[in-house]
Amino acid sequence: MAIKNSTDFTIDCKGELTGNQYTGSFTCRTKLSMREALAQDELYRRILGVNSQDASNSSKSIAAAVSYLSAHVMKSPPWWEKLDSGLQCEDINLLTAVNNACMDAVEKEYLALAEEAKKAETALKDLPVT
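Since this is a predicted model, take the numbers as computed values, not measurements.

Caption draft 1: Focus on the packing of aromatic side chains. In this structure the tally under the stated criterion is five aromatic pairs. Ring centres of F9 and F26 lie 4.8 Å apart, and the angle between their planes is 5°; this geometry places the pair in the stacked category. You can see F9 sitting in strand β1 (residues 6-14) and its partner F26 sitting in strand β2 (residues 21-29), a full 17 residues away along the chain. F26 carries the same exposure label as F9, and that label is buried. Where W79 meets W80, the ring centres are 6.0 Å apart and the plane angle is 90°; that geometry is what we call edge-to-face. Look at W80 and you get buried, because its relative accessible area is 1%. Site record: aromatic cluster; members linked through ring pairs are F9, Y22, F26, W79 and W80.

As structure tokens, this is what we get:
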């Protein structure tokens, strides 16, 4: 049993501020290496700048979403690349939609792995004792 390395999700979202329609498919990592996890944390802190602990909650949420997506998204539509993985995004609802869809896709893979483990445990319990 092992979790898949990547999973896919799609977005179909209209920007609240720009009115642009954003549609496309993404591929994201389901797990990160230590280097990738550290890079995600580094980007989070870099976005918030000096005294990041004093940043507003909304700034922390944006930094968390952008850094998460930067670490997890492997393939994306051209419009996402033009938005610099969310840093140039004017529509907070788009950033939220992409982040939530990515997190949901990753969570779905972990839930599938847990279900697989549960089935294996049940199968082991059903084996005759010799």
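Past the structure itself, the notes keep going.
Caption draft 2: Structural context of the nonpolar core. Ranked by internal contacts, the top residues of the largest apolar core, which has 22 residues, are F9, I11, W79, L94 and V98. Of all the secondary structure elements, the ones that give two or more residues to this core are β1, β2, α2 (57-72), α3 (78-82) and α4 (92-125). Every residue in contact with I11, bar those within four places of it in the chain, is listed here: Y22, T23, G24, F26, W79, L94, A97, V98 and A101.

The rules behind each value
Residues numbered from 1 in each chain as written. Predicted model: local features only at pLDDT ≥ 70, side-chain atom pairs only at ≥ 80, totals over all residues. Heavy atoms only, no water. Phe/Tyr/Trp six-rings, centres within 6.5 Å; stacked < 30°, edge-to-face > 60°. Helix = DSSP H or I, 4+ residues; strand = E, 2+ residues; numbered from the N terminus. Buried < 20%, exposed > 50% of the residue type's maximum accessible area, 1.4 Å probe, protein only. Core = buried A, V, L, I, M, F, W, Y, C linked by side-chain atoms within 4.5 Å. Contact = heavy atoms within 4.5 Å.

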